Each structure stands twice: as structure tokens, then as C-alpha cells.
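# Architecture at a glance
Read off the chains here:
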Amino acid sequence: MDVVEILTSLIGFRTVNPPGDEEEAVLWIRDLFEREGLEGEIYALDSRRPNLLVRIPGKKGGKPLLVYGHVDVVPVEGQQWDVDPFAGAVKDGYVWGRGALDMKGPLAIYLASLLETYREGSLAGDVIFLALSDEEGGGDYGARYMVENHPELFDGVEYAIGEFGGFSFEVMGRRLYPVMVAEKQICWLKLTFEGRGGHGSLMHRDTAMEKVGRALVSLHRGRLPVHITPAVRRMFLSMADALPFPASLLMRALLIPSITDGLLSLLGERMEVFRPLFHNTASPTIIRGGSKVNVVPSRVELEVDGRLLPGFTPDRFIRELEDLLGVPFEARVLRYDPYPDDVDWRLMGALEEAIGMEDGGGRVIPMLLTGVTDGRFFKRLGIQTYGFAPMKLPAHFPFGDYIHAENERIPVEALHFGVRVMKHFFSRGAWTL
Ligand SMILES: [Zn+2]
């Protein structure tokens, strides 16, 4: 089965999460391996939400490489598709369907390249392949379950290949392949503001409403401090190396904290996507306060979707918020996943080399992701994920516009490119060194 057939088959399984229903897809992947004589083990918190682990022996043995991907996808409700999102249509040079990019396409690339390399006897070292449920729902049945309940399965693993990256984009005529090496993490807070309450007919000062109002304005107008984390430093230095002057100079200048924000503003709207890479961020999303129109409440709650740079703690984040907001509040952490700021860079060269064998002009750049992936769970075990599903995309392919959106699709040629690159990587075995 080639990569296109694998992908169209995977798209045919309706693994929409919620509710998930990954079982059929996962068992189908197990069959793919069994046809090659490789046995898979199922691990599941709920049998309808299984995970599949397959150990694939390589020539050298040694410490295994983890290769993982999720089989669930996001819903299609309310979207205007030009094709049936679960038909796996191949049309106009693309494979169309929910999950084509996120991430059944990447999964198909991993499966096709691993199975071919193994069959040809060229897999350099041992690989653990893991198909996961429930990434889109937070990983309780998938990566979180595996890491918390079966950590011993990953003994000796130092590196992983997974989401999110490896797709090309063009900047000033240069083709860049970003590879996720670190993620920002969720730190959801509930801030409580207290003040004088009383009858609504009187004119009160120092109310909780006033404080939350001032806090919202400060959040909107101001920013938390700039921090240059190791992943971002290397990301922008790599872009500086890859891009021509004067862009190269600007990329370096962004790493000077005193001018980062001003320079981003000068560079215009397109550069705004970079701003959260330099800041902890706090988006106010829910307000609760008051229950009667003629009573001034003495307490108002504000929930904030906080996102922390690698290496930051909730305490430090709350101190930054206190400085910015300028009004007193109590903070309670609703949810927080720790994530260290260290990055193990050792496989970057091998990824760059594998890309270079298929795209001599392509440059690999590390990337900090503002969202989260299953990589955060494996990081707890000390496993460094490289988000890498290589795809050489047409210059103006709007990759970001198709993720979780209607008419999600992937160029057939990008799938074949991905398989060739991954085969180079798997047959060279940098992770065994
Ligand atoms: Zn995904």
C-alpha cells in the first residue's frame, strides 16, 4: 500500500473527536504492521479509544526512536466542504478530507516510510511506532494515559518524531521547513477582584467592577515583559542565517529584548504571529460578577487563558500580571502543565540532512509552538520531540488556513516527498549514535 492509499483509507475512518471512536482506525493500522510480520500491542483506558504500540527492530538496535501520531480529527460541523470530508477523494493533485494535514497525512507518511524501510532491510535502528487517540481532546485517553500509566514502555527513548512541523513555507524566495522543538503551555487562571459593594442608586468608588475594568484595559493596552527563550533564540538565528539582508539583520535584532516589541510593530501585521513567541500571554475570556441589577457586587471573577513560555511557572506569571494590571487581585491556577525550557538539539542536523537530500535549497529552522501537542506529555519522560512531517508545499499553499478548516487537503506530491525524506532519515539512524 502506498502513502496515498494509506491516507485515503485513514480519512475514511470517522475518528471525529468528540467522541473519538478511534478503534477501527487503530486496528486497521495494526493490520498494516501484521502484514509485515510485526506485532502491535493495544493499550487503552477505554477499549473504544485505543492506542497502538509497535516495536520495529532496526539493523543496529540500540536506543529506540519514538515515532507517534494521533488518529483523531476535529469535527466538520458548520463547514462548507466542496467534497465529502470522509471520502478520501483524490482530485486536482490533492488528497482531500478531514485530517489530510492534521494529522492523518503525516501519519500516512510515517507509516509508508517505516514499512518500506523495514521491508527493504534498511531501517538503521529500533523504532517504537505509536498511534494515539484523543490528541484533539486533550490526550486523556491517548498520550497522557500512555505516559502516566505505561512509562516503562518508553525506557531508553531520548528522541521522538511527531507533530508539528516539517511543512515548507517560502519567505523572500527561500524555502524554510520549521520543526517544532518546544511548546508554550496552558496556565489558566481565575482572578478575583474585591471591592466595596452596596446599593446601585449610590455612587461607589473602589468597586470590584471598577478594578476588573481597569485590569481589562491594562491587559488590552499593555504587554507582559519580553523573554528570549532558548528555542526562540535558535529559531530566529536560524532564520537570520537562511534569509537575505536586511531580513537577516531584523531577525537578529528581534532578539534584543528592549527593541523586540517596537520592531515587531514597525514590521507590520504579518509579523504579529511572532509576538506571542516572546511573551507570556493572558487573554481574558470569562467574567462573572453580580446577580441583581440594583446591587453593586463586592466580588468579580475574571478567567484568563494564560499561555506560558517554556520554563515559566504560574508564580512568575502571576507576578508579571500584578505588575501589569496595577490593581489588587487574588489568583487561582485552574490548569497548568509544566514544560522546561531546555531543548535537545542533537537530531536537528540529521533532519536538515534528510531534507537536503530531496530539497537542496530548503532550510530547516527550529520553532516554538504557541499551541500544544502530545509532545508535552512525552517531555515529562525527558523525551525530546521534533515536530517533523516533511512536506514540500507549493509557494502559496495556505497551510494554516486548512488546519481544522473546510476543504483540508494535502498535495499528493508532498506525501511522496515526505516518504522519501523520512526514508533517508530512518535508514541513516542518527538517533542510534
Ligand atoms: Zn494534530
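To be clear, the structure that these remarks concern was listed above.
Keep in mind the model is a prediction, meaning the values are calculated, not measured. (Residues numbered from 1 in each chain as written. Predicted model: local features only at pLDDT ≥ 70, side-chain atom pairs only at ≥ 80, totals over all residues. Heavy atoms only, no water.)

## Some remarks on the pattern of salt bridges
Any two side chains of opposite charge can pair if their charged atoms end up close together. Counted under the stated rule, the structure contains 31 salt bridges. Ionic contacts of the salt-bridge type, sharing partners, join the residues K63, E158, D344 and R346 into one network. (Salt bridge = Lys/Arg side-chain N within 4 Å of Asp/Glu carboxyl O.)

## Some thoughts on the coordination of the zinc ion
Distances from the zinc ion to its protein donors, namely H70 (NE2), D102 (OD) and E163 (OE), fall within the range 1.8 to 2.1 Å. Overall, the relative accessible area of 9% leaves E163 in the buried class. (Donors = N, O, S within 2.8 Å, 3.2 Å for Na, K, Ca; no water. Buried < 20%, exposed > 50% of the residue type's maximum accessible area, 1.4 Å probe, protein only.)

## Here we look at the layout of surface pockets
By volume, the largest pocket is sized at about 1,600 Å³. Surrounding the largest pocket, 50 residues form its lining, F167, F169, V273, F274 and M367 being those nearest its centre. For the lining of the largest pocket, the secondary-structure elements that each account for two or more residues are strand 8 (169-171), strand 10 (185-194), helix 6 (230-242), helix 7 (247-253), strand 16 (362-369) and helix 12 (399-402). No other element matches the four residues that strand 16 contributes to the lining of the largest pocket. Its residues assigned to classes, the lining of the largest pocket shows 32 nonpolar, eight polar and 10 charged. Counting the residues that make up the lining of the largest pocket, at least three belong to each of domain 1 (3-181 + 342-432) and domain 2 (186-336). Quantified by volume, the second largest pocket comes out at close to 340 Å³. (1 Å grid on protein atoms, 1.4 Å probe; cavity = no way out; pocket = protein on both sides within 12 Å on 5 of 7 lines; lining within 4 Å. Points joined across faces, edges and corners; volume = space filled by probe spheres on them. Helix = DSSP H or I, 4+ residues; strand = E, 2+ residues; numbered from the N terminus. Nonpolar A, V, L, I, M, F, W, Y, C, P; charged D, E, K, R; others polar. Domains from an automatic or database assignment.)

## Side note on the packing of aromatic side chains
What the rule picks out here adds up to 17 aromatic pairs. Taking the centre distance of 5.9 Å and the plane angle of 55° together, the rings of F13 and W28 count as tilted. Of this pair, F13 sits in the loop between helix 1 (3-12) and helix 2 (23-34) while W28 sits in helix 2, placing them 15 residues apart in sequence. Its relative accessible area of 15% is what places F13 among the buried residues. Measuring from ring centre to ring centre gives 5.2 Å for F236 and F274, while their planes differ by 75°; the resulting arrangement is edge-to-face. Taken together, the residues F236 in helix 6 and F274 in the loop between helix 8 (257-267) and strand 12 (281-289) connect sequence positions 38 residues apart. F236 sits in the buried class, given a relative accessible area of 0%. (Phe/Tyr/Trp six-rings, centres within 6.5 Å; stacked < 30°, edge-to-face > 60°.)

## Digging into the packing of helix 3 (residues 104-119) against helix 13 (residues 412-428)
One can describe the packing of helix 3 onto helix 13 by two numbers: an axis separation of 8 Å at closest approach and a directional angle of 45°. Viewed along their axes, helix 3 and helix 13 adopt a mutual orientation that is oblique. Taken as a pair, helix 3 and helix 13 cross one another with a handedness that is right-handed. The residues of helix 13 that touch helix 3, namely those facing G105, I109, Y110, A112, S113, L114, E116 and T117, are A414, L415, G418, V419, M422, K423, F426 and S427. Tallied by class, residues from the contact of helix 3 with helix 13 come to nine nonpolar, five polar and two charged. (Axes fitted to C-alpha atoms, helices over the stretch in contact; angles between N-to-C directions. Parallel < 35°, antiparallel > 145°, perpendicular 65-115°, else oblique. Left-handed = near helix turned anticlockwise from the far one by under 90°. Contact = heavy atoms within 4.5 Å.)

## Things to note about the nonpolar core
Counting 122 residues, the largest nonpolar core has F129, F236, F278 and F425 as its most contacted members. A per-element tally of this core places helix 13 first, with nine residues. Composition of this core by domain shows at least three residues from each of domain 1 (3-181 + 342-432) and domain 2 (186-336). Apart from residues no more than four positions distant in its own chain, F425 is found in contact with L65, I161, L347, A350, L351, A354 and W431. Formed by 18 residues, the second largest nonpolar core is a distinct cluster that contains L53, Y68, I128 and I383. (Core = buried A, V, L, I, M, F, W, Y, C linked by side-chain atoms within 4.5 Å.)

## A few points about the sheet that holds strand 14 (residues 299-308)
Across the sheet, which stays open at both edges, the four strands sit in the order 12-14-10-15 with antiparallel pairing between neighbours. The two strands at the open ends of the sheet, each matched to only one other strand, are strand 12 and strand 15 (330-336). Going across the sheet, the axis of each strand differs from the next one's by a mean of 20°, ignoring polarity. When strand 10 meets strand 15, the two strands line up antiparallel, connected through six bridges. Its bridge partner lying in strand 15, C187 is registered against Y336. Relative to strand 10, helix 9 (residues 314-325) is tilted by about 45°, and along the sheet it contacts strand 10, strand 12, strand 14 and strand 15. (Pairing = 2+ DSSP bridges.)

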